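# Coordinates in review
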Amino acid sequence: MSDKFHKIYQQSIDNPENFWAEAANDVFWFKKPTKILNKSNPPFYKWFEDGVTNTCYNALDIHIDNGHGDKTALIYDSPITGNKSQFTFKELRQKVSKFAGALKNQGVQKGDRVIIYMPMIPEAVVAMLACARIGAIHSVVFGGFASNELASRIDDSKAKVLITASCGFEPGRTVEYKPLVDAAILQAKHKIDKLILFQRPGHEVKLNAPKEISFDEAMANAAETDCVEMNSNEYAYILYTSGTTGTPKGIVRDIGGHIVALKWTMKNIYNIDIDDVWWSASDIGWIVGHSYIVYAPLFKGCTTVLFEGKPVGTPDAGVFWKIISEYKVKSLFTAPTAFRAIKKEDPEGKFFSKYDLSNFKSLFLAGERADPDTIKWAENLLKVPVIDHWWQTETSWAISSNCTGIEMMKTKYGSACKAVPGYDVKIIKPDQSLAKPNEMGDVVVKLPLPPGTFPTLWNADQRYKENYMTNYEGYYQTYDAGHIDEDGYIWIMSRTDDIINVAGHRLSTGAIEEVLSEHQSVAECAVLGIADKLKGQLPIGLIVLKSGVDKDHATISKECVQMVRDKIGPVAAFKVAIVIKRLPKTRSGKILRGTIRKIADNEKFNIPPTIDDPAILNEIKQDLIKHQILNNG
Ligand code: COA
Ligand code: AMP
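Computed from a predicted model, the values in this text were never measured in an experiment.

What follows deals with the overall build of the protein chain. On a plain count of helices and strands, the protein chain comes out with 18 helices and 31 strands. Taken over the C-alpha trace, the protein chain has a radius of gyration of 24 Å; the compact-globule value for 633 residues is 26 Å, and the two agree within 12%. The C-alpha extent of the protein chain, read off along each of the three principal axes, is 70 × 65 × 55 Å. Each of the 633 residues in the protein chain was classed as buried or not, and the buried ones make up 61%. Surface accessibility of the protein chain: about 24500 Å² in total, with carbon and sulfur atoms responsible for 49%.

Written as structure tokens, this is what we have:
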């Protein structure tokens, strides 16, 4: 390890309280914390327990207090609609404080939950910050999820208000949110009090007063509202993420730790200063969007770009370069799949040569493993460091990365670099012993986790403890498998649960199986993620029919695909369900998903000794060949 980085990293591990107390000096507190870490009730740790602050104050007001009110806070660029706008910190605060007043007028109080189901428009950012301003807990739901997923989040969070827009735009299709929201509201057992809907110009929809009100109307009668004082351990937001079942897990974020950690990352990991322009090409519905479109850059006081478009097709594979060049973006953060999409459309980088990217200094990739080919292609084209870093919704910021603001380290292709200060990462082998360098095992992080990570799950302390903190006592189980090499570089190779990663989106195969099982002809099924050149992984479904079903297989497959789209959403990218005779199982009845995946990906596999009937494996292989699924990556 290099000296400077090593020294800082070691300080964070040897004395986390000193380390984070110092980082906490860089944020605004109504009351500065004196108790840095409460370790009395593991695994429930509390950072900055007696601190009092406000997320929105740290995102907006503090910069105005410091004389930067006229600096650009947010750049909105929507190649999909042709709209662009910019907001200074003062302008953004004015909108946010008014919308905070609007939320209050609709009965939202500190601690109430507010669901935000919106496209990538400034009003979505305004809604998030307005919640923070008055101490409401937002729960943003990604626009590509269907009503069913939205309903489960309404029920679990018991939201008081839902904020949406009349529509979103995907290439070639308008996403009409109102019918999706209506269906979710109808389906949810918990009833929300109010719906606030932003009418996108030219796409207005009918609202039913008094329960439904437009965003503009709500704003019109609202007064600007100040930040409320929040205890550090109250919650900023809930973000639901895929668990191993269809019931999503509500990751919660406490307020003080979130501000301290995220602000620290902007300089130390990303080397971003206050005058820089930063762009995270993700979606506010994901953790990357929460942390790096909205919160971290605004805590830092730099300029953040909100992009409503895709890496390709809006209108072409040059749009990323256009944005970087037009706004003098210093660093971009996106998922490898976005670069794979650009590489596929424009392998020689013809679009790239049209733009001046002299301000561009680094590209950060996360959300899935960055394949060395894509990294090398991007490095060759961009001539800047391309950094793969690893993190999760649970942590909200990188567990491992090249900390470019501390010291640039060398790249090892395929590795997500070293543990970031705050994270004591270890590899544990199946026999529970600690792995030696290069030995594979479960990737775990020694407790306590640093600030900004998840202190628990929403209303589910027990699930938090059992799911994450029990298998390896004293450690957080990441559910990723990998190894650490002799230089301390971390190699994340796969998930150890049934989560798959489709275009950087985290999906549960268990949740898809639950949907397929509801089809009246389906007796049993298995869903697995197979390798895909563009999206990393794609889910495929193998279904076994109930005896006596004589319906056409193609019809059943089509119905299954539609059910997943309707119940989980288009984001699942579930396009293939094939009917097979039987599933390979162990003698105890466990479906051998891992073995099927290896067959599909044309990887070597051993015939599991516990298999019920090895002949089924060949049957499956023939089925996959017949449906042209074999080795599609
Ligand atoms: N609202 C509604 N629908 C959405 C949506 C949203 N916000 N985002 C995606 N969808 C839909 C898409 O329209 C598509 O629907 P379709 O089946 O009708 O075509 C489906 O969900 C799958 O979308 P996506 O995974 O985006 O695939 P794509 O083929 O449209 O685009 C990429 C492929 C690689 C260009 C795209 O996945 C991408 O830009 N990825 C970037 C990764 C990213 O932002 N990850 C977030 C974590 S960092
Ligand atoms: P999410 O919670 O949606 O951010 O997904 C987190 C999961 O994505 C991790 O547990 C990993 O499985 C995967 N992941 C994220 N970043 C990386 C990376 N850089 N390398 C490998 N896997 C990654």
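The biggest cluster of nonpolar side chains holds 125 residues, and the ones touching the most others in it are L92, F99, L129, I163, Y292 and W397. With 10 residues, the top contributor of residues to this core is helix α5 (residues 122-134). Listed in part, the 43 residues of the second largest apolar core include V181, A184, L195 and A511.

Let's shift gears to the site of ligand 2. Neighbouring ligand 2 are 15 residues, the closest being D388, T393, D480, R495 and R506. Contact between ligand 2 and H389: a nitrogen atom at 2.7 Å from a main-chain N or O atom of the residue. Between ligand 2 and Q392 there is a distance of 2.9 Å, counted from an oxygen atom to a side-chain nitrogen or oxygen. Compared with its free state, where it exposes 490 Å², ligand 2 has 93% of that area covered by protein. Taken together, the residues that form the shell around ligand 2 break down as 4 nonpolar, 5 polar and 6 charged.

Looking now at the domain arrangement of the protein chain. Once the domains are mapped, the protein chain shows domain 1 (3-309 + 389-482) and domain 2 (503-626). Its C-alpha centre places domain 1 at a distance of 34 Å from the equivalent point of domain 2. In this assembly, 18 residues from domain 1 lie in contact with 14 residues from domain 2. Carbon and sulfur atoms supply 48% of the area buried between domain 1 and domain 2, which totals about 1200 Å² over both sides. The partner of E394 in a salt bridge is R506, with the nearest N and O atoms 2.9 Å apart. Our enumeration of links across domain 1 and domain 2 arrives at 6 residue pairs in polar contact (both at pLDDT 80 or more).

Moving on: unusual backbone geometry. In this structure, P43 follows P42 across a cis peptide bond, with omega equal to 5°. Within the secondary structure layout, P43 lies in the loop between β1 (37-41) and β2 (44-47). A cis amide bond links L447 with the next residue in sequence, P448, at an omega value of 0°. For N438, which is not glycine, the phi dihedral falls at a positive 75°. Take N438: it is sitting in the loop between β23 (425-428) and β24 (441-446). By relative accessible area, N438 is classed as partly exposed at 41%.

A word on the environment of K84. With respect to the helices, strands and loops of the structure, K84 is situated in strand β5 (residues 83-88). A sequence separation of 223 residues divides K84 from F307, and the C-alpha atoms of the two residues are 9.4 Å apart. Dropping the residues within four chain positions of it, K84 is found in contact with Y76, D77, K322, E326 and Y327. In this structure the side chain of K84 is engaged in a polar contact, spanning 2.6 Å, whose partner is the side chain of E326.

Conventions adopted
- Each chain carries its own residue numbering, running from 1 in the written order of its sequence.
- The order in which chains are written sets their letters, starting at A; the order in which ligands are written sets their numbers, starting at 1.
- Only residues with pLDDT of at least 70 are given local features in this predicted model, and only at 80 or more are side-chain atom pairs given and counted; all residues enter the totals for whole chains, interfaces and linings.
- With hydrogens and water set aside, each side-chain value is computed from the structure's full complement of heavy atoms.
- Put simply, DSSP marks the helices as runs of H or I at least four residues long and the strands as runs of E at least two long, and each gets a number from the N terminus on.
- In this description the radius of gyration comes from C-alpha coordinates, and the expected globular size is given by 2.2 Å times residues to the power 0.38.
- Exposure categories follow from relative accessible area, calculated using a 1.4 Å probe and restricted to protein chains: below 20% of the type maximum is buried, above 50% is exposed, and the middle band is partly exposed.
- Where accessible areas are quoted, they stem from the Shrake-Rupley method and a 1.4 Å probe; at the residue level, only the protein chains shown are allowed to cover.
- Think of a nonpolar core as a cluster: buried Ala, Val, Leu, Ile, Met, Phe, Trp, Tyr and Cys residues, connected wherever their side-chain atoms sit within 4.5 Å.
- Any residue with a heavy atom lying within 4 Å of a molecule or strand is counted as near it.
- Here a polar contact is taken to be a pair of N or O atoms separated by no more than 3.5 Å, where protein atoms must pair a possible hydrogen donor with a possible acceptor and residues adjacent in sequence count only if both atoms sit in side chains.
- Three classes are used, and their members are as follows: Ala, Val, Leu, Ile, Met, Phe, Trp, Tyr, Cys and Pro are nonpolar, Asp, Glu, Lys and Arg are charged, and the others, Gly among them, are polar.
- The source of the domain bounds is an automatic or database domain assignment.
- Should any heavy atoms of two residues lie within 4.5 Å, those residues are considered in contact.
- Here the quantity called buried area is the accessible surface, traced with a 1.4 Å probe, that two parts lose on coming together, added over both.
- Here, a salt bridge means any Lys or Arg side-chain nitrogen found within 4 Å of an Asp or Glu carboxyl oxygen.

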